[in-house]
Amino acid sequence: MFRYLYKDLLRWQASQDRKPLVLFGARQVGKTWLLKDFGQREYKNLAYVSFDRDEAACQLMITEKNAKNLLRGLSAITGIDIVPGETLVVLDEVQDCPIALTRMKALNEDAPEYHVAACGSLLGIALHEGISYPVGMVHE
């Protein structure tokens, strides 16, 4: 199944000033499928985390603010060697771990060579008091 957003993902992947990607929308429209398919086709490795199923990944986001340590932790959790340009990191169901969106700022500023995408539904509602959205630090 080819989605019209696939071309946008290819442009994002090739961008010299790429920022972490945030893909949000209604439930059950294919966000996860699209990012997984893109990762499997266009990258050597796909490091996939679903926050609704992986409490350790959410705990990592809560406790770790350093981008390189976040990536090391995600590598350990997924069992995938996260290599810049070769691995797509997909953070799914971010509404279940809203602090993950805040961590996108650190990934943008301190590890821009890594390809990171987050997706989820109802992000605007899930972002609650005390959690900031990284305006200008992510590609939407």
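Our subject in this report is the structure included herewith.

Rules used in this analysis
- Residues numbered from 1 in each chain as written.
- Predicted model: local features only at pLDDT ≥ 70, side-chain atom pairs only at ≥ 80, totals over all residues.
- Heavy atoms only, no water.
- Core = buried A, V, L, I, M, F, W, Y, C linked by side-chain atoms within 4.5 Å.
- Buried < 20%, exposed > 50% of the residue type's maximum accessible area, 1.4 Å probe, protein only.
- Helix = DSSP H or I, 4+ residues; strand = E, 2+ residues; numbered from the N terminus.
- Contact = heavy atoms within 4.5 Å.
- Arc of directions from axis to C-beta.
- 1 Å grid on protein atoms, 1.4 Å probe; cavity = no way out; pocket = protein on both sides within 12 Å on 5 of 7 lines; lining within 4 Å.
- Points joined across faces, edges and corners; volume = space filled by probe spheres on them.
- Nonpolar A, V, L, I, M, F, W, Y, C, P; charged D, E, K, R; others polar.
- Disulfide = S-S within 2.5 Å.

**Structural notes on the nonpolar core**
In this structure, Phe51, Met61, Leu74, Val89 and Leu91 are the most contacted members of the largest nonpolar core, which totals 27 residues. Secondary structure elements with two or more residues in this core: strand S2 (45-50), helix H3 (55-63), helix H4 (67-78), strand S3 (87-92), helix H5 (99-110) and strand S4 (115-121). Sequence-distant contacts of Val89, that is, excluding residues within four places in its chain, are made with Ala47, Leu71, Leu74, Ile82, His115, Val116 and Ala117. Listed in part, the 14 residues of the second largest apolar core include Tyr43, Leu46, Leu88 and Ala117.

**Brief notes about H3**
Along H3, the positions that sit buried rather than exposed are Ala57, Cys58, Leu60 and Met61. Buried residues of H3, seen end-on, are gathered within an arc of 155° and therefore sit on one face of the element. Facing away from the buried side of H3, by more than 90 degrees, are the exposed residues Glu55 and Thr63. In this structure, the buried residues of H3 make contact with S2, H4, S3 and H5.

**A few points about empty space enclosed by the protein**
Throughout the structure, instances matching the rule amount to 1 cavity of 30 Å³ or more. Together, Arg18, Lys19, Pro20, Leu107, Ala111, Pro112, Tyr114 and Val116 line the largest cavity. By residue class, the composition of the lining of the largest cavity is 6 nonpolar, no polar and 2 charged.

**As for the state of the cysteines**
In this structure the tally under the stated criterion is 1 disulfide. Two residues share a disulfide in this structure: Cys58 and Cys97, whose sulfurs sit 2.4 Å from each other. Judged by the torsion about the S-S bond (95°), the Cys58/Cys97 disulfide is right-handed. On the criterion of sequence distance, the pair formed by Cys58 in helix H3 and Cys97 in the loop between S3 and H5 is long-range, its members being 39 residues apart.

**Some details on the layout of surface pockets**
Volume-wise, the largest pocket comes out at about 260 Å³. What lines the largest pocket is a set of 17 residues, and nearest its centre among them are Gln28, Lys31, Thr32, Asp92 and Glu93. Those elements that provide at least two residues to the lining of the largest pocket are helix H2 (31-42), S2 and S4. By residue number, the principal contributor to the lining of the largest pocket is H2, which donates 4 residues. For the lining of the largest pocket, a count of residues per class yields 4 nonpolar, 6 polar and 7 charged.

No statement about biological role is implied by the geometric values presented.
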